[in-house]
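If you want the building blocks of each chain, they are given just below.
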Amino acid sequence: MLPRSRTMPSRIHHGAVEERHDIRHYLQVEVQPKAHIETEATDPQASYSNCFDDDGRLKRTGNFWTTSSHIITAVIGSGVLSLAWAIAQLGWVAGPTVLILFALVNLYTANLLSQCYRSGDPVTGQRNYTYMDAVKANLGGKKVIFCGLIQYLNLFGVAIGYTIAASVSMMAIKRSNCFQKSGGKDPCHMSSNGYMITFGIIEVLFSQIPDFDQVWWLSIVAAIMSFTYSTAGLGLGIGKVAGNRSFKGSLTGISIGTLTSAGTVTGTQKLWRSLQALGAIAFAYSFSIILLEIQDTIRSPPAEYKTMKKATLFSIIVTTTFYLLCGCMGYAAFGDLAPNNLLTGFGFYNPYWLIDIANAAIVVHLVGAYQVFCQPLFAFVEKWSAKKWPKSDLVTAEYEIPIPFWGVYQLNLFRLVWRTIFVVLTTLISMLLPFFNDVVGILGAMGFWPLTVYFPIEMYKAQKKIGRGTTRWLGLQILNVSCFFITLVAAIGSVAGVVLDLKTYKPFKTSY
């Protein structure tokens, strides 16, 4: 049986409220017990039951491996497929260099952010369950609203980007089979709308999983799938390089005058494309927006930040290795003509079955990644609604639905309706704006500086009381300002790409 959602208040069965000792923690994250005696500071969980953590919530069960799977699922997403294109815009020198720099920045700021999970003492301090809670505890004021707006808008955008990416891979499978049956005579053009709707229906079902900590199994499956299609893409790239008997590409990236599917590349377009590539690479590492939500699933001892630090290091090393291999081999295989989506660049030729397996793995991965990113947004809305209307049966009541061979599912009507509306809305917007690369670039630019760099640095300075003008303060400010300008130019490049796409765009009539 699925355990009860931690975002909901006390249960209501037929109008009767079932009191729980931890109801305050569903509605007031600020109220938490403090460690008063020395023995509790040494062993903070000694006085609590085996069922509840030190904050009165159900005991967390996450560990190094589940945490790593969440991070890998979040990081190795659809972004990996656009890295060959991104490196093609920047060239052999700047492309890999930028990729490694983004990895180092993300690793450093993620470690800063993980230390903000608890306020005060890193072992017994008050827990900050979400990114917004951490900003409220450390910075406060209007920055909390700014953080929430950016974070949840970004999560909403990720859902759109993943819907687009999943439909592209689903169509690639269908077109591959069509191409094989016709012997290459039929171009097999088709609309993406039906595939987006199919993906949306699947997500409506999976979105009924109540809590983030209950999607761990889906996250592990998704992480395995990410390695599957990344390895397939790498293998296909190596095969194509071997067939070409040479490495394509140049030191400075795509050449002015190159004829692409979008037309001839001009000097201005090369600039826009290079800036857009920065956004694509930034999106490829966008997991900081859910880092604290992932950390809130980790059991302790040891302290949560220690497990998160190890998991982050492991995950970023693994993902960066795959990124370099897939991105660089894709560029070596296609050169200036590296496709927006690496797997679609291999066409529909043999071994078409391997390309089909890789695209199927992408779809399965994106089903899980969608949930990993959207669960924090679901929890935020449901927690706010429960606090706003605590006596509403629609919002707080749960009904036991027996499911054969499964157990009992706790059905909440508000969760069912609101999450379904959310998925329907993201699907409709995906059908309206099916620009995969440009959407990826805008999402990366929008979330990178504020959520990956600015807030972690500002909270760390406030928590550690780093004085203005000190060497550490100066170093953090240089990193902060540098990343701000990278975000700014990446956003400009991605918006320019959308403007170009809109010139040939017809709503709901996009075909491939």
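Cut-offs applied
Residues numbered from 1 in each chain as written. Predicted model: local features only at pLDDT ≥ 70, side-chain atom pairs only at ≥ 80, totals over all residues. Heavy atoms only, no water. Helix = DSSP H or I, 4+ residues; strand = E, 2+ residues; numbered from the N terminus. Contact = heavy atoms within 4.5 Å. Areas by Shrake-Rupley, 256 points an atom, 1.4 Å probe, with all protein chains shown as cover. Phe/Tyr/Trp six-rings, centres within 6.5 Å; stacked < 30°, edge-to-face > 60°. Buried < 20%, exposed > 50% of the residue type's maximum accessible area, 1.4 Å probe, protein only. Pairing = 2+ DSSP bridges. 1 Å grid on protein atoms, 1.4 Å probe; cavity = no way out; pocket = protein on both sides within 12 Å on 5 of 7 lines; lining within 4 Å. Points joined across faces, edges and corners; volume = space filled by probe spheres on them. Nonpolar A, V, L, I, M, F, W, Y, C, P; charged D, E, K, R; others polar. Expected span 1.5 Å × (residues − 1). pLDDT = per-residue confidence, 0-100. Patch = residues over 30% accessible without salt bridge, like charges linked within 9 Å, V, L, I, M, F, W, Y side chains within 5 Å. Salt bridge = Lys/Arg side-chain N within 4 Å of Asp/Glu carboxyl O. Polar contact = N/O pair within 3.5 Å; in protein donor to acceptor, adjacent residues only side chain to side chain. Core = buried A, V, L, I, M, F, W, Y, C linked by side-chain atoms within 4.5 Å. Axes fitted to C-alpha atoms, helices over the stretch in contact; angles between N-to-C directions. Parallel < 35°, antiparallel > 145°, perpendicular 65-115°, else oblique. Left-handed = near helix turned anticlockwise from the far one by under 90°.

Caption draft 1: Here's a closer look at the overall build of the chain. Each helix and strand counted, the chain has 16 helices and 8 strands in total. Across the chain, the fraction of contacts at a sequence separation of at least 24, relative to all contacts at a separation of at least 6, is 79%. In the form shown here, the chain has an accessible surface area of approximately 21700 Å², with 68% of it arising from carbon and sulfur atoms.

Caption draft 2: Inspection of the packing of aromatic side chains at higher detail. The final tally for this structure, using the stated rule, is 18 aromatic pairs. Pairing Tyr-454 with Phe-455 gives two aromatic rings, centres 5.1 Å apart and planes at 70°, and the pair type is edge-to-face. Side by side, Tyr-454 and Phe-455 carry an identical accessibility label, which is buried.

Caption draft 3: Quick look at the pairing of strand 8 (residues 407-411). Across 5 bridges, strand 7 (residues 399-403) lies against strand 8 in antiparallel orientation. Bridging from a neighbouring strand, Ile-401 pairs with Tyr-409 of strand 8.

Caption draft 4: Broad picture of empty space enclosed by the protein. Within the structure shown, the criterion is met by 4 cavities of 30 Å³ or more. Space inside the largest cavity adds up to approximately 40 Å³. Forming the boundary of the largest cavity are Asn-154, Ala-282, Ser-286, Phe-287, Ser-288, Ile-289, Gly-447, Phe-448 and Thr-452. Broken down by element, the lining of the largest cavity gets its largest block of residues, 3 residues, from helix 15 (residues 436-464). Within the lining of the largest cavity, the residues separate by chemical class into 4 nonpolar, 5 polar and no charged.

Caption draft 5: The arrangement of helix 8 (residues 216-244) in detail. Spanning 29 residues, helix 8 covers 42 Å between terminal C-alpha atoms, matching the ideal 42 Å at 1.5 Å per step. Just downstream of helix 8 lies Arg-245, where phi reads positive at about 60°.

Caption draft 6: Region of interest: the confidence of the model for the chain. Looking at the chain, the pLDDT average stands at 77 and 79% of residues meet or exceed 70. Looking over the chain, one finds the lowest element-wise mean pLDDT in helix 1 (residues 24-27), namely 38, and the highest in helix 7 (residues 193-206), namely 90. Long-range and interchain partners of residues 6-42, a stretch whose pLDDT sits below 50, account for 85 contacts in this model, where long-range means more than four residues apart.

Caption draft 7: Representation of a nonpolar patch on the surface in the model. A cluster of nonpolar residues, Leu-394, Tyr-399, Ile-401, Ile-403, Trp-406, Leu-413, Leu-416, Val-417 and Ile-421, forms a patch on the protein surface that exposes about 770 Å² of accessible area. Secondary structure elements with two or more residues in the nonpolar patch: strand 7 and helix 14 (413-432). Sort the elements by how many residues they give to the nonpolar patch and helix 14 lands first, with 4 residues. Mapped onto the secondary structure, Ile-403 falls in strand 7.

Caption draft 8: Broad picture of the side chain of Gln-375. Looking at the secondary structure, you find Gln-375 in helix 12 (residues 352-388). Within the structure, Gln-375 has its side chain in polar contact with the backbone oxygen of Ile-209 (distance 3.1 Å).

Caption draft 9: Summary view of the nonpolar core. Ranked by internal contacts, the top residues of the largest apolar core, which has 115 residues, are Tyr-323 and Phe-422. With 16 residues, helix 4 (residues 83-114) is the largest single contributor of residues to this core. Discounting chain neighbours no more than four positions away, the residues touching Phe-422 are Phe-156, Ala-159, Tyr-370, Cys-374, Leu-377 and Phe-378.

Caption draft 10: Molecular detail of helix 3 (residues 64-75). Taking 1.5 Å of rise per residue, 12 residues should cover 16 Å, and helix 3 covers 16 Å from first to last C-alpha, within 8% of that figure. Buried residues along helix 3 sit in contact with helix 6 (142-182), helix 8, helix 10 (291-295), helix 11 (304-334) and helix 12. Residue Asn-63 occupies the N-cap position of helix 3, its side-chain oxygen lying 3.0 Å from the main-chain nitrogen of Trp-65.

Caption draft 11: The arrangement of the environment of Ile-362 in detail. Mapped onto the elements, Ile-362 comes out in helix 12. Judged by its relative accessible area of 1%, Ile-362 is buried. For Ile-362 and Ala-166, which are 196 residues apart along the polypeptide, the C-alpha to C-alpha distance reads 6.9 Å.

Caption draft 12: Fine view of the packing of helix 6 against helix 7. Two elements in contact, helix 6 and helix 7, have axes whose closest approach is 8 Å; the angle formed by their N-to-C orientations is 120°. For the element pair helix 6 / helix 7, the angle class is oblique. Crossing angle aside, the handedness with which helix 6 passes helix 7 is right-handed. Residues Tyr-162, Thr-163, Ile-164, Ala-166, Ser-167, Met-170, Met-171 and Lys-174 of helix 6 pack against Tyr-195, Met-196, Thr-198 and Phe-199 of helix 7. Residue classes in the contact of helix 6 with helix 7 are distributed as 8 nonpolar, 3 polar and 1 charged.

Caption draft 13: Quick look at the pattern of salt bridges. Under the criterion given, the structure shown has 4 salt bridges. Residue Arg-127 pairs with Glu-304 through a salt bridge whose shortest N-O separation is 3.2 Å. Residue Arg-127 is located in strand 4 (residues 126-127), and its partner Glu-304 is located in helix 11; the two are separated by 177 residues in the primary sequence. Across the pair, exposure class does not vary: Arg-127 and Glu-304 are buried alike. Close ionic contact of Arg-419 with Glu-382 constitutes a salt bridge, the shortest N to O distance being 2.7 Å. Pair noted here: Arg-419 is in helix 14 and Glu-382 is in helix 12, with a separation of 37 residues, a long-range link.

Caption draft 14: Main features of the side chain of Ser-169. Following the sequence through the fold, Ser-169 ends up in helix 6. Residue contacts for Ser-169: discarding those within four places in its chain leaves Asn-359, Ile-362 and Val-363.

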